[in-house]
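Residue strings, one per chain:
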Amino acid sequence: MSSKRWALAGATIVAVCLATPLSPAAASEPPSQPADTAPPTMVDALERDLGLSEQQAVTRLANEQRAAAAEARLASALGASYGGSWLNADASKLMVATTDPAAAPGIEAQGGQPIVVARTLTQLNSVKDQLDRAPEQAKTGAALWYADVTTNSVVIQAPTQQAGDALAAAAGVDGKAVRVVVSAESPQTYINLIGGAAYYIGSSRCSIGFSVTRGSTPGFVTAGHCRMAGSTTSNPSGTFQGASFPGNDYAWVATPGHTPQPWVRGSGGSNVIVRGSTQASVGASICRSGSTTGWRCGVIQQHNASVRYSQGTVTGLTRTSACAQPGDSGGSFISGSQAQGVTSGGSGNCTVGGTTYHQPVNEILGAYGLTLRVG
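Residues numbered from 1 in each chain as written. Predicted model: local features only at pLDDT ≥ 70, side-chain atom pairs only at ≥ 80, totals over all residues. Heavy atoms only, no water.

Caption draft 1: Broad picture of the state of the cysteines. Following the criterion strictly, the structure yields three disulfides and no others. Each sulfur of the disulfide joining Cys206 and Cys226 lies 2.0 Å from the other. Measuring handedness by torsion sign, the sulfur bridge of Cys206 and Cys226 sits at about -100° and is left-handed. You can see Cys206 sitting in strand E9 (residues 204–206) and its partner Cys226 sitting in the loop between strand E11 (217–222) and strand E12 (232–233), a full 20 residues away along the chain. For the pair Cys206 and Cys226, a shared accessibility class is recorded, and that class is buried. Sequence-ordered numbering of the disulfide-bonded cysteines in the protein gives the connectivity 1-2, 3-4, 5-6. (Disulfide = S-S within 2.5 Å. Helix = DSSP H or I, 4+ residues; strand = E, 2+ residues; numbered from the N terminus. Buried < 20%, exposed > 50% of the residue type's maximum accessible area, 1.4 Å probe, protein only.)

Below, the structure written as structure tokens:
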């Protein structure tokens with residue numbers, strides 16, 4: 001890790017605990033909505049999956065809620081110099097990257113820890129977009145690629161260095177901005193042709209993501225690879241109104257006659273209330289619910305990852321350490337009470353551990369003009 005990237009030129013880095021108000025201004029302003037109460041099922045799962053005590057889990061969720069609000073404010077305030085942000089390992093500090101050393105005092109005033117970097121988030125995403133546009137043949141040797149704000153670089157994961165280098169060369173990207181990580185990770189979609197809970201498309205099974213409405217029509221969002229538009233579902237009965245895969249991995253199913261509820265099925269079958277869809281920070285805890293493995297938790301590793309499945313490349317996914325297995329496709333990802341996305345695919349399983357990717361829910365809502373059902 002380069003000290004040049006991580007040193008704050010001419011300034012002292014101040015570590016700020018996010019359990020305290022993020023700024024005097026924020027502390028004096030009335031909250032825009034009531035503070036979320038940590039759902040007991042989420043606390044239990046974080047204890048199990050992240051090895052936390054109950055108090056650590058509750059404190060972490062509160063820190064993450066404050067960090068999400070601070071991240072949005074800082075991204076807007078820093079503008080073109082913003083290099084991304086992420087939470088440290090225990091979610092006690094929000095690290096905020098910028099290419100402008102003069103922005104450090106403003107970051108500290110909002111409760112963040114400034115990091116001066118060489119590239120803005122826009123520049124990182126531009127490099128990542130170049131990889132997206134590479135010929136499909138060049139992508140076949142790579143597993144995924146993403147803008148990694150924690151290292152201020154774009155990472156290509158591939159089974160060999162040569163395969164990663166080949167994708168970078170085919171895309172014509174700046175080699176200084178790209179790192180190849182050799183990894184055995186091999187993402188796959190999580191559709192399963194075995195009967196079970198959730199919803200069915202013929203003999204196939206996937207998982208409901210989040211309840212939505214379009215006008216007066218109820219329905220739910222799910223993964224696009226589960227089936228194409230026009231396909232019908234059972235239990236609940238409905239029809240795929242739109243689906244996109246590969247490229248994206250999202251769909252929505254209209255279910256007339258059914259009642260959409262603002263809930264995600266949590267640990268032991270209890271319900272976790274959905275209150276919004278604010279995107280959580282890199283490093284934040286996240287839980288997912290699916291019809292095969294139920295309620296599982298991890299942390300957000302990267303946003304805006306591109307994943308190469310055997311069916312083609314999907315862009316704009318979020319990568320997490322929560323495990324999943326076939327049949328969990330389309331299921332909910334939630335951080336605190338905020339909807340994050342629907343399960344796309346991953347690698348590994350819930351016995352040995354794994355990595356999963358989700359399609360951000362806000363993109364799905366915008367693509368189809370849907371309204372998320374919230375409590």
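Picking up after the structure, the text goes on.
Caption draft 2: Representation of helix H6 (residues 121–132). Under the 1.5 Å per step criterion, the end-to-end length of H6 is 16 Å for twelve residues, consistent within 8% with the ideal 16 Å. When we look at burial in H6, the residues that qualify are Leu124, Val127, Lys128, Leu131 and Asp132. Viewed end-on, H6 has its buried residues packed into an arc of 155°, placing them on one side of the element. (Expected span 1.5 Å × (residues − 1). Arc of directions from axis to C-beta.)

Caption draft 3: Main features of the layout of surface pockets. By volume, the second largest pocket is sized at about 620 Å³. What lines the second largest pocket is a set of 28 residues, among which Ile208, Gly209, Ser211, Trp263 and Arg265 lie closest to the centre. Contributing elements (two or more residues each) for the lining of the second largest pocket: E11, strand E15 (263–265), strand E17 (285–290) and strand E18 (294–309). In terms of residue class, the lining of the second largest pocket is made up of eleven nonpolar, 16 polar and one charged. (1 Å grid on protein atoms, 1.4 Å probe; cavity = no way out; pocket = protein on both sides within 12 Å on 5 of 7 lines; lining within 4 Å. Points joined across faces, edges and corners; volume = space filled by probe spheres on them. Nonpolar A, V, L, I, M, F, W, Y, C, P; charged D, E, K, R; others polar.)

Caption draft 4: Spotlight on the pattern of salt bridges. Tallying each qualifying case throughout the model produces eight salt bridges. Glu64 serves as the salt-bridge partner of Arg60, at 2.7 Å between the closest nitrogen and oxygen. Here the residue Arg60 and the residue Glu64 both occupy positions in helix H4 (residues 54–78), the gap between them amounting to four residues, near one helical turn. On the basis of relative accessible area, Glu64 is assigned to the buried category, the value being 6%. Notably, a salt bridge pairs Arg308 with Glu136, separated by 2.3 Å at the nearest N-O pair. One end of the pair, Arg308, is in strand E18; the other, Glu136, is in helix H7 (residues 136–139), with 172 residues separating them in the sequence. Connected via shared salt-bridge partners are Glu136, Lys139 and Arg308. (Salt bridge = Lys/Arg side-chain N within 4 Å of Asp/Glu carboxyl O.)

Caption draft 5: Structural context of the sheet that holds E12. Here we have six strands laid out as an open sheet, ordered E12-E13-E14-E11-E10-E23, and antiparallel in their pairing. Both edges of this open sheet fall to E12 and strand E23 (371–372), since each of them pairs with a single strand only. Relative to E23, strand E10 (residues 211–214) is paired through two bridges, and the arrangement is antiparallel. Within the sheet, the bridge partner assigned to Thr213 lies in E23 and is Thr371. Lying on the sheet, helix H9 (residues 361–368) is in contact with E10, E11, strand E13 (238–244), strand E14 (250–254) and E23; it crosses E14 at an angle near 60°. (Pairing = 2+ DSSP bridges. Contact = heavy atoms within 4.5 Å. Axes fitted to C-alpha atoms, helices over the stretch in contact; angles between N-to-C directions.)

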